[in-house]
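# Summary of the model geometry
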Amino acid sequence: MRLIGVCLVAIAMLLPAAATAKQAGTCTAGATLRLSAPEANQGSLLLIEIKSTKPLAEVQGDWDRRSVPIWQKATSEKQRRGLLAVDLEKAPGEYELKVTGQTADGEKMSCGAMVTVKKGLFATEKLQVEKQFVEPSPEQIKRANEERQKLRDIFDRVTPERLWDGNFRIPLDGVTTGSNFGKRRILNGNPGSPHTGVDFPAATGTAVRATQRGRVALAEELFFAGNTVVLDHGLGIYSFYGHLSEIGVKAGDALETGAVLGKVGATGRVTGPHLHWGLTVERARVNPLLLVKLLSSPSSEVTRKKPSRPVTD
């Protein structure tokens, strides 16, 4: 099918408005709480940093009735890091972040901060796709609903330990950016759901690599996403790889960072060969490029350039 040009949204529009600022929270027991930004757009991530004057025994986070993944910083028992994930369709407003726990000697610790969520700036596009994808048969509707529930069940399961170790990477070698996250689609004249991942145009057969260590939670063909792999990275963090021409792993496999899990293709609902890469953090759908930026060294940060061949799914 002929590739359809689309209007690209710069990654800058997806970043929090003050991404370089440091916002402090209020804490007890000699602890400090800092956020990578005081506010966030829909579909974005904030990095949380907690420091204590004493070793910490346990720390939990809660944001608007959702858990916040928090882990110990490898270099110190007095430091924790976490990710606050803002779902793509979360209502704009102010929400309270609560962090609680205790020190190694049993002293209770608590922190709090208000985080402002702003409306994301996402483009809209019109597409013509095969009729079956906008007017599916009853059997296809049943299949799609079952697959949607299967994915929800996977994302609801939180592996209590952190499976990843180190920086996250983009799944394609030599690629620095992607497009289409949050884009609203009008398919054959019918409004569709927002695009929940980032698209990377690439030739069919290009190796797709694991963004970080993890366990394969799903490896099968789906009605809309085609050949799909989902990796569990622990603490409620899942990465999603869709439209593969081939799947090279099976459910339950443990993968290292950069391991080949499949190849780029054009299976499912697509307008050309590309990788659809998604990220879910505690059931919140967020831009995966921001995870690469937040948990990587400065030299690995995402470059703000447009892809050469826009595609969509």
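Relevant structure appears above.
In this report, the structure presented in the accompanying data block is examined.

Rules and cut-offs
- Residues numbered from 1 in each chain as written.
- Predicted model: local features only at pLDDT ≥ 70, side-chain atom pairs only at ≥ 80, totals over all residues.
- Heavy atoms only, no water.
- Helix = DSSP H or I, 4+ residues; strand = E, 2+ residues; numbered from the N terminus.
- Buried < 20%, exposed > 50% of the residue type's maximum accessible area, 1.4 Å probe, protein only.
- Contact = heavy atoms within 4.5 Å.
- Areas by Shrake-Rupley, 256 points an atom, 1.4 Å probe, with all protein chains shown as cover.
- Expected span 1.5 Å × (residues − 1).
- Arc of directions from axis to C-beta.
- Pairing = 2+ DSSP bridges.
- Axes fitted to C-alpha atoms, helices over the stretch in contact; angles between N-to-C directions.
- Core = buried A, V, L, I, M, F, W, Y, C linked by side-chain atoms within 4.5 Å.
- Polar contact = N/O pair within 3.5 Å; in protein donor to acceptor, adjacent residues only side chain to side chain.

### Digging into the overall build of the protein chain
If you tally the helices and strands in the protein chain, you get 3 helices and 23 strands. Looking at the 313 residues of the protein chain, the share that counts as buried comes to 50%. Of the contacts formed within the protein chain by residues at least 6 apart in sequence, a portion of 69% connects residues at least 24 apart. Only carbon and sulfur atoms are counted for the fraction: they give 49% of the accessible area of the protein chain, which is about 14000 Å².

### Here's the deal with helix 2 (residues 138–156)
Here helix 2 is 19 residues long and its end C-alpha atoms lie 27 Å apart, about the 27 Å a rise of 1.5 Å per residue gives. Burial in helix 2 covers these residues: Ala144, Glu147, Leu151, Ile154 and Phe155. Down the axis of helix 2, the sector holding all buried residues measures 95 degrees, keeping them to one side. Along helix 2, the residues that are exposed and aim more than 90 degrees away from the buried face are Pro138, Glu139 and Lys142.

### Some words on the sheet that holds strand 13 (residues 184–187)
Ordered by their spatial adjacency, 3 strands build an open sheet running 12-13-14, and the pairing between neighbours is mixed. Since the sheet does not close on itself, it has two edges, and those belong to strand 12 (124–127) and strand 14 (190–194), each with one partner. Averaged over all pairs of adjacent strands, the angle between strand axes in this sheet comes to 25 degrees, irrespective of strand direction. As defined by bridge partners, strand 12 adjoins strand 13 across 4 bridges and the pair is classed as parallel.

### Here we look at the pairing of strand 18 (residues 226–234)
Counting buried residues in strand 18 gives 9 out of 9 residues, a clear majority hidden from the surface. Bridge count between strand 17 (residues 214–222) and strand 18: 7 bridges; the pairing is antiparallel. Across the sheet, leucine 218 pairs through a bridge with valine 230, a residue of strand 18. Where strand 17 folds back on strand 18, the antiparallel hairpin that results is connected by 3 residues. Looking at chain direction, strand 18 and strand 19 (residues 237–247) are connected through 6 bridges and run antiparallel.

### A short note on the nonpolar core
Counting residues in each nonpolar core, the largest one holds 39 residues, and the members touching the most others are Leu45, Leu83, Leu261 and Leu275. It is helix 3 (residues 288–294) that contributes the most residues to this core, 5 residues altogether.

### Concerning the pairing of strand 10 (residues 93–103)
Strand direction decides the pairing type here: strand 6 (residues 56–63) and strand 10, joined by 7 bridges, are antiparallel. Bridge pairing links glutamine 60 to threonine 100 in strand 10. One ladder, built from 10 bridges, connects strand 10 with strand 11 (residues 108–118); its direction is antiparallel. Directly across from glutamine 102, in strand 11, lies its bridge partner lysine 108. Connecting strand 10 to the antiparallel partner strand 11 that follows it, the hairpin turn spans 4 residues, and glycine 106 within it adopts a positive phi of roughly 95 degrees.

### Topic: the side chain of histidine 276
By the element assignment, histidine 276 lies in strand 22 (residues 274–281). A polar contact of 3.1 Å, which involves the side chain of histidine 276, links it to the side chain of histidine 195.

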